[in-house]
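Coordinate analysis (summary)
Each chain, letter by letter, is given below.
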Amino acid sequence: MLTALTADYRTAGFEVLERLATVSAETFARFVTDRRGVRGGVLLATCNRFEAYLDVADEAEADGLLDFAAAEAGVDAAAVAEAASRRTGSDVAGHLFAVSSGLESLVVGEAEIAGQVSRALEAARGIGTTTPDLERLFQRASRTSSAVQQRTRLGSAGRSIVRLALDLAGSRVTDWATTRVLLIGTGTYARATLAALRDRGVQEIAVYSPSGRALKFAQREGVVAVAGTDLPHRLATADIVIACSIATTPILDAEKLRRARSVVAEPARQLVVDLGMPRNVEPDVAGLQDVDLLDLETIGRHAPLPELQATDDALAMIAEAVAEYGADQRATAATPAVVAYRAHVFELVDQEIERLRRRGEATEAVERAMRHLAGVLVHTPSSRARELAAAGEAQRFADAVETLHGLTATSADGEQTGTALAG
């Protein structure tokens, strides 16, 4: 069974989300592996949300996750519990499909979230916490997101937190072509930021990486790499500093920026944009003279209303995808019992053929006829199983197989759907 625990910018403050963002996929894996009733999980933690998708034997198995996450993040458990929502059944798929398509983002229709969803699944694969059901859920989410981007107006709007931040910064910029920008970070958001800056005509861009990746990034992207010794000068002379590193502790604070600006005789007014989650820039930077700070919380207050951006087409596509996913899941539910039944029938045929061979009575024609008959015999029950599954009644077929043939159907994840031994 799939369940999800979710908290986002609408239900939790940015301070809570910032702390939860420090819970890594590896840390989350401890929760998954330490609990017998949790088969697997995928963690989706971005600048606007903290979401855990779990494959559990029983919904109650997910109860300890919020306390676990709160303890790991060093945040009040009651605050996390108040901000989080639990989703079950088709609501899990509906929510993830909407998230992946950008409909639940702070900036509705943003393109970056689809990549974050895909990377969340890849991270879970890397640490071994995926399951067949989670794989199907996240793969369908990616396909749905691609369809929404391609077939609705959301795909052509170019919306993103990065672009909204630059739109807000534009009120302070007289000429983007002469604006000097220092980019801190070399990850996915840095690449998106670089593309958005170039769309605005920015020509002078330097990049600094706390992890030492600036040179490689700069060579690939055609910008200037900044070494640690040159960072103070670049901080002092940049018109805009954009921090979007995955560092878990702040990179820039008021004292560091003050010292850097002090080496310039007449430092110009400066804008610092913090896109990091957890934050890359300490809030005290906003207290410096001639320095403005634009962080995610501020950006969020200026985000356009979702009602003005989401399209009926996108919502309809998501609803259709949820219905198709549900039908596929119901059909999959009958598969273990069908496989067990077919294997049982063909095993009986193989045994009878072997008996005839020992007696010298098994001609090629006889063997072919017997296997054809076996195929005919299993066809109708298999078709009926799919019909029952489509109606949400796959268990009826599993019960019938167990009652009539004493078979145990085993699902793809190893869970038994019957109790008797194979006959």
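Residues numbered from 1 in each chain as written. Predicted model: local features only at pLDDT ≥ 70, side-chain atom pairs only at ≥ 80, totals over all residues. Heavy atoms only, no water.

Right, let's get into the pairing of strand S1 (residues 2-8). Of all the seven residues making up S1, seven are buried; the element is thus mostly covered by neighbouring parts of the structure. With burial as the criterion, each face of S1 is covered, one bearing Leu2, Ala4, Thr6 and Asp8 and the other bearing Thr3, Leu5 and Ala7. Pairing of S1 with strand S3 (residues 49-56) involves seven bridges; the strand directions are antiparallel. Across the sheet, residue Ala7 finds its bridge partner in S3, namely Phe50. Sheet topology places S1 next to strand S4 (residues 85-88); four bridges connect them, and they run antiparallel. When the bridges of S4 are listed, Leu5 appears paired with Arg86. (Buried < 20%, exposed > 50% of the residue type's maximum accessible area, 1.4 Å probe, protein only. Helix = DSSP H or I, 4+ residues; strand = E, 2+ residues; numbered from the N terminus. Pairing = 2+ DSSP bridges.)

The subject of this paragraph is the environment of Glu204. Turning to its location among the elements, Glu204 is positioned in strand S6 (residues 204-208). Here the alpha-carbon distance between Glu204 and Leu66, two residues 138 residues apart in the chain, equals 45 Å. Those residues within four positions of Glu204 in sequence are excluded, and the remaining contacts are Thr179, Arg180, Val181 and Arg234. (Contact = heavy atoms within 4.5 Å.)

Further remarks concern the packing of aromatic side chains. The description of an aromatic ring pair rests on the distance of the ring centres and on the angle between the ring planes. Applying the stated criterion to the full structure yields three aromatic pairs. Ring centres of Tyr53 and Phe138 lie 5.4 Å apart, and the angle between their planes is 85°; this geometry places the pair in the edge-to-face category. Highlighted residues: Tyr53 in strand S3 and Phe138 in helix H7 (residues 132-151), separated in sequence by 85 residues. Summarising the burial analysis for this pair, Tyr53 and Phe138 share the class buried. With a centroid separation of 5.9 Å and 80° between ring planes, the pair formed by Phe97 and Tyr325 is classed as edge-to-face. One end of the pair, Phe97, is in helix H5 (residues 90-100); the other, Tyr325, is in helix H14 (residues 312-358), with 228 residues separating them in the sequence. The same class applies to Phe97 and to Tyr325, which are both buried. (Phe/Tyr/Trp six-rings, centres within 6.5 Å; stacked < 30°, edge-to-face > 60°.)

What follows covers the side chain of Glu104. On the secondary structure map, Glu104 appears in the loop between H5 and helix H6 (112-127). For Glu104, a relative accessible area of 18% gives the class buried.

What follows deals with the nonpolar core. Counting residues in hydrophobic clusters, the biggest one holds 66 residues, and the most contacted among them are Leu54, Ile242, Leu275 and Ile299. Here this core takes seven residues from helix H8 (residues 161-169), the largest share from any one element. Residues in contact with Leu54, not counting those within four places in the same chain, are Met1, Leu2, Thr3, Phe28, Phe31, Val32, Val38, Gly40, Gly41, Ala62 and Leu65. Judged by nonpolar contacts, the second largest core, of 30 residues, contains Val42, Val108, Ala124 and Met317. (Core = buried A, V, L, I, M, F, W, Y, C linked by side-chain atoms within 4.5 Å.)

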